[in-house]
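Now for the letters of each chain:
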Amino acid sequence: MTIALSENDKRMLDGLCGEASRMAMSIIVRMANVCGTNELMDICQAHIDGCGLMSDAGLEFAEKLAAAGGKVVVPTTLNMGPLDLQDWPKFVTDEVFASKALRQGKAYTDMGCVPTWSCAPYQGYLTPRFGQQIAWGESNAICYANSVLGARTNRYADYLDICAAITGRVPKCGLHLTENRRGQWLLKLQDFSPELLAEEVFWPVLGHLVGDMVHDKISVIEGLPKMATTDQLKAFGAAAASAGSVALFHAVGLTPEAPTREAALQDMEPEQVTDITPDDWYRAWEDLAGAHEGDKLDVVVLGCPHFSFDEFRTLTEEIRAVAPARAADGVDVALLTCQQSLSLVDRTDWLADIEAFGGRITRDTCVFHTPMIRRDADVLMTNSGKCGYYAPGTLDVKVAFGSIGDCVRSAVAGKVLRRRPG
Ligand code: F3S
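Here the structure is a predicted model, which means the values were calculated and not measured.

With that out of the way, let us pick up the overall build of the protein chain. Counting secondary structure elements, the protein chain contains 16 helices and 14 strands. In summary, the protein chain has a C-alpha radius of gyration of 22 Å against a globular reference of 22 Å for 422 residues, a match within 12%. Summarising its shape, the C-alpha atoms of the protein chain cover approximately 65 × 55 × 35 Å along the three principal directions. Within the protein chain, the proportion of its 422 residues that are buried is 57%. Taking the intrachain contacts of the protein chain between residues at least 6 apart in sequence as the baseline, contacts between residues at least 24 apart amount to 79%. Summing over all exposed atoms, the protein chain offers an accessible surface of approximately 16900 Å²; the carbon and sulfur share of this is 50%. One way to put it: in the protein chain the 39 positive side-chain charges average out to a point 3 Å from where the 55 negative ones average out.

We now examine the domain arrangement of the protein chain. As a measure of interface size, the accessible area lost when the parts come together is often cited. Partitioning the protein chain into structural domains gives domain 1 (7–178), domain 2 (182–287) and domain 3 (299–413). The interface is formed by 18 residues belonging to domain 1 together with 18 residues belonging to domain 2. Of the roughly 1400 Å² buried where domain 1 meets domain 2, counting both sides, 61% is carbon and sulfur surface. If you sort the residues of domain 1 by the area they bury against domain 2, Gln 123, Cys 143 and Ser 147 come out on top, with a joint share of 31%. At the surface where domain 1 touches domain 2, the tally comes to 0 salt bridges.

This part takes up helix H2 (residues 19–35). For H2, with 17 residues, the first-to-last C-alpha span of 24 Å sits near the 24 Å given by 1.5 Å per residue. Listed as buried for H2 are Ala 20, Ser 21, Met 23, Ala 24, Met 25, Ile 28, Val 29 and Ala 32. Residues of H2 that are buried make contact with helix H1 (7–13), strand S1 (40–42), helix H3 (56–67), helix H6 (160–167) and strand S5 (169–171). With its phi angle positive at about 75°, Gly 36 sits one or two positions after the end of H2.

Taken in spatial order, the 4 strands of this open sheet run S8-S7-S6-S9, and their pairing is parallel. Each of the sheet's edge strands pairs with one partner strand only, and the pair in question is strand S8 (249–251) and strand S9 (272–276). Averaged over neighbouring strand pairs, the angle between their axes works out to 20° when direction is ignored. Pairing analysis gives 3 bridges linking strand S7 (residues 219–222) to S8, with the strands arranged parallel. In the strand pairing of S8, Ile 221 is matched with Ala 251.

Within the secondary structure, His 47 is located in strand S2 (residues 46–48). Of note is the side chain of His 47, whose polar atom sits 3.0 Å from the side chain of Asn 79.

With that out of the way, let us pick up the pattern of salt bridges. Scanning the entire structure with this criterion turns up 30 salt bridges. Between Arg 374 and Asp 298 there is a salt bridge, with its nearest N and O atoms 3.4 Å apart. With Arg 374 in the loop between strand S12 (359–363) and strand S13 (379–382) and Asp 298 in the loop between helix H11 (278–287) and strand S10 (299–307), the pair connects residues that are 76 residues apart, well separated along the chain. The partly exposed category is assigned to Arg 374, whose relative accessible area is 28%. Here Arg 409 makes a salt bridge to Glu 318, at a shortest N to O gap of 3.5 Å. Pair noted here: Arg 409 is in helix H16 (residues 404–413) and Glu 318 is in helix H12 (residues 309–320), with a separation of 91 residues, a long-range link. What makes Arg 409 partly exposed here is its relative accessible area of 33%.

One open sheet holds the 5 strands; their spatial order is S12-S11-S10-S13-S14, and the pairing between them is parallel. Single-partner strands in this sheet number two, and they are S12 and strand S14 (398–401). Pairwise comparison of adjacent strand axes, ignoring direction, gives a mean angle of 25° for this sheet. Across 3 bridges, the pairing between S10 and S13 is parallel. For Val 300, the partnering residue across the bridge sits in S13 and is Met 381. Across the sheet, H12 lies against S10, strand S11 (332–337) and S12, angled at about 155° from S10, the strand it touches most. Its contacts with the sheet place H16 against S10, S11 and S13, and it is angled at close to 155° to S10.

We now examine helix H15 (residues 385–395). Every buried residue of H15 is accounted for by Gly 385, Lys 386, Cys 387, Gly 388 and Ala 391. Buried positions along H15 lie against helix H5 (139–149), helix H8 (202–214), helix H9 (230–243), S10, S13 and S14. Two or three places before Lys 386, at the opening of H15, Ser 384 has a side-chain oxygen 3.2 Å from that residue's backbone nitrogen. Once H15 finishes, Asp 396 follows within two positions and takes phi at roughly 55°, a positive value.

Rules used in this analysis
- Residues numbered from 1 in each chain as written.
- Predicted model: local features only at pLDDT ≥ 70, side-chain atom pairs only at ≥ 80, totals over all residues.
- Heavy atoms only, no water.
- Helix = DSSP H or I, 4+ residues; strand = E, 2+ residues; numbered from the N terminus.
- Rg over C-alpha atoms; globule rule 2.2 N^0.38 Å.
- Buried < 20%, exposed > 50% of the residue type's maximum accessible area, 1.4 Å probe, protein only.
- Contact = heavy atoms within 4.5 Å.
- Areas by Shrake-Rupley, 256 points an atom, 1.4 Å probe, with all protein chains shown as cover.
- Lys, Arg positive; Asp, Glu negative; His and termini not counted.
- Charge placed at Lys NZ, Arg CZ, Asp CG, Glu CD.
- Domains from an automatic or database assignment.
- Buried area = accessible area lost by both parts, 1.4 Å probe.
- Salt bridge = Lys/Arg side-chain N within 4 Å of Asp/Glu carboxyl O.
- Expected span 1.5 Å × (residues − 1).
- Pairing = 2+ DSSP bridges.
- Axes fitted to C-alpha atoms, helices over the stretch in contact; angles between N-to-C directions.
- Polar contact = N/O pair within 3.5 Å; in protein donor to acceptor, adjacent residues only side chain to side chain.

Set out below in structure tokens:
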């Protein structure tokens, strides 16, 4: 298929803007063919997920682009990376791996990327606005950007993301286009009590349920509380994007493209309609847990996606509400966050209590990329639907799922304590 190119696209493709732009544009053009479109479009922001050092090839690709003069032409943030860049020896003993990770980080920042190293970029620097066309990687961030912010991105894969950032162009297709953002599957919440709707775990469990049900369909959800925090919507989207491959959902009355059911459906009939009841929700809650009440606990993981300032506040309040305010011997408490949230927390008096509790804060990275979980850990507790979904297969642990408060109380007891929500 012949792709319609602008004059600047042609200059890039002909190598007149440098070798890195030529490489990046040739990949974008190839992807347009793969996507079945003959048009490209501008983006105004990018978020790079390919900076996670998944392979030596990823490092080679980044260094090759950087050495060829690659520079991003739109504001570009970085997802979490393979290391806590300022304190990596805390968990990483493999110096070869560390040096590759540092080289990869340098290649991306040399290309002009902002070193946010966060998988919750929408809670920090350069949050995109409603209607903006962007190219984001990282499943939870994509879901949040599309659904909660109303920005428009496809699910950009590793390395395609940096090509979009260098060229400022993407194939014109998928969720960039209004007609492809129409809700397809109407989900009606029925008979949920206010108590259950108010639970912290309501959101990630519902996200797990919805993702598992709709896969990559665009859901329109009715019956949610009319107020939701960014952290609640973050937890919902991260779980939905993991259990399914949800890139966009509409929450009626909450998200910007869904002031009404009709608006979310673009005045068409839904392809499917399903009621969701509390029984469905409790089944999903059970589905997230492989560990049982009273099981010995080895590790707590909080901050997947990266902990926000407000989540640190909740954690501190929960720690201050228990006695003794420290995790039992043998229970590790891993807290994942980014530099931006931690900088704010640094200006409070919370850190002393968190550290006395046993919390080990790691910036820039994630439990699935840095070896911060003991090899002999058997039971992991988390408040994250995403971590709960991936940990059994990736870390070979049984998962207990609960609120931040449940995690704190369980860490103190040294065993899984779960309160039945609602
Ligand atoms: Fe972030 Fe890692 Fe969770 S990338 S969303 S902390 S799996």
